[in-house]
Amino acid sequence: NKIKGIRAVSVYDEKMATHAREHNGANVIGISGDWTQEDLAQKIIKTFLKTTSSTEPRHQRRLTQIAQKESDVFCKCETEDYTGAGCACGDGGCC
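Residues numbered from 1 in each chain as written. Predicted model: local features only at pLDDT ≥ 70, side-chain atom pairs only at ≥ 80, totals over all residues. Heavy atoms only, no water.

(A) Structural view of helix α1 (residues 14-24). When α1 is considered as a whole, its buried residues turn out to be Ala17, Ala20, Arg21 and His23. The N-terminus of α1 is capped by Asp13, whose side-chain oxygen sits 3.3 Å from the backbone nitrogen of Lys15. Remark: Gly25 follows α1 within two positions and exhibits a positive phi of approximately 60°. (Buried < 20%, exposed > 50% of the residue type's maximum accessible area, 1.4 Å probe, protein only. Helix = DSSP H or I, 4+ residues; strand = E, 2+ residues; numbered from the N terminus. Polar contact = N/O pair within 3.5 Å; in protein donor to acceptor, adjacent residues only side chain to side chain.)

(B) The arrangement of the environment of Thr47 in detail. Mapped onto the fold, Thr47 is located in helix α2 (residues 38-50). Residue Thr47 is classed as buried on the basis of its relative accessible area of 8%. Leave out the neighbours within four places in its chain, and Thr47 touches Glu14 and Thr18. (Contact = heavy atoms within 4.5 Å.)

(C) Just the packing of aromatic side chains, in detail. Across all of its chains, the model carries 0 aromatic pairs by this definition. Directly above the ring of Phe48 sits Arg21, whose terminal nitrogen or CZ lies 4.5 Å from the centroid. (Phe/Tyr/Trp six-rings, centres within 6.5 Å; stacked < 30°, edge-to-face > 60°. Lys NZ or Arg CZ within 6 Å of the ring centre and 35° of its normal.)

(D) Highlighting the side chain of His23. Mapped onto the fold, His23 is located in helix α1. With a relative accessible area of 16%, His23 lands in the buried category. Within polar-contact distance, the side chain of His23 engages the side chain of His59 at 3.2 Å. Among all residues touching His23, those that are not within four sequence positions of it are Arg58, His59 and Arg62.

(E) How the structure looks around the packing of α1 against α2. The N-to-C vectors of α1 and α2 enclose an angle of 25°; their axes lie 8 Å apart at closest approach. Put simply, α1 runs roughly parallel to α2. For the element pair α1 and α2, the recorded crossing hand is right-handed. Contacts from Glu14, Ala17, Thr18 and Arg21 of α1 reach α2 at Lys43, Ile44, Thr47, Phe48 and Leu49. Of the residues assigned to the contact of α1 with α2, the class counts are 4 nonpolar, 2 polar and 3 charged. (Axes fitted to C-alpha atoms, helices over the stretch in contact; angles between N-to-C directions. Parallel < 35°, antiparallel > 145°, perpendicular 65-115°, else oblique. Left-handed = near helix turned anticlockwise from the far one by under 90°. Nonpolar A, V, L, I, M, F, W, Y, C, P; charged D, E, K, R; others polar.)

(F) A look at the nonpolar core. Judged by nonpolar contacts, Val11, Ala17, Ala20, Ala26, Ile44 and Phe48 together constitute the single largest core of 6 residues. Only α1 and α2 provide two or more residues apiece to this core. Apart from residues lying up to four places away in sequence, Ala17 is in contact with Val11, Ile44 and Phe48. (Core = buried A, V, L, I, M, F, W, Y, C linked by side-chain atoms within 4.5 Å.)

(G) Focus on the pattern of salt bridges. The tally for this structure, following the rule as stated, stands at 1 salt bridge. Salt-bridge contacts for Glu56 lead to Arg58; the nearest nitrogen and oxygen are separated by 3.3 Å. On the accessibility criterion, Glu56 (40% relative accessible area) is partly exposed. (Salt bridge = Lys/Arg side-chain N within 4 Å of Asp/Glu carboxyl O.)

Dropping the structure here:
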């Protein structure tokens, strides 16, 4: 979750995929190839893709908090060099 706009989650069942998508607005999932059978992985992926984010205020507040943290951490011009070198735009005040 170190890339702006990415909300990744590691899941191991369909219920967890639904919860991550609805409550946390997850948009990327990770599934262990070592611990998850292929048929279950396919069910998890289908569940994740068909589930939408909740519009409940408490869930929206959480997403707003995440967006605020992102804007505090990431370069405002969105050209930050993720190697830690800072902003690539040359504007010393943007990061």
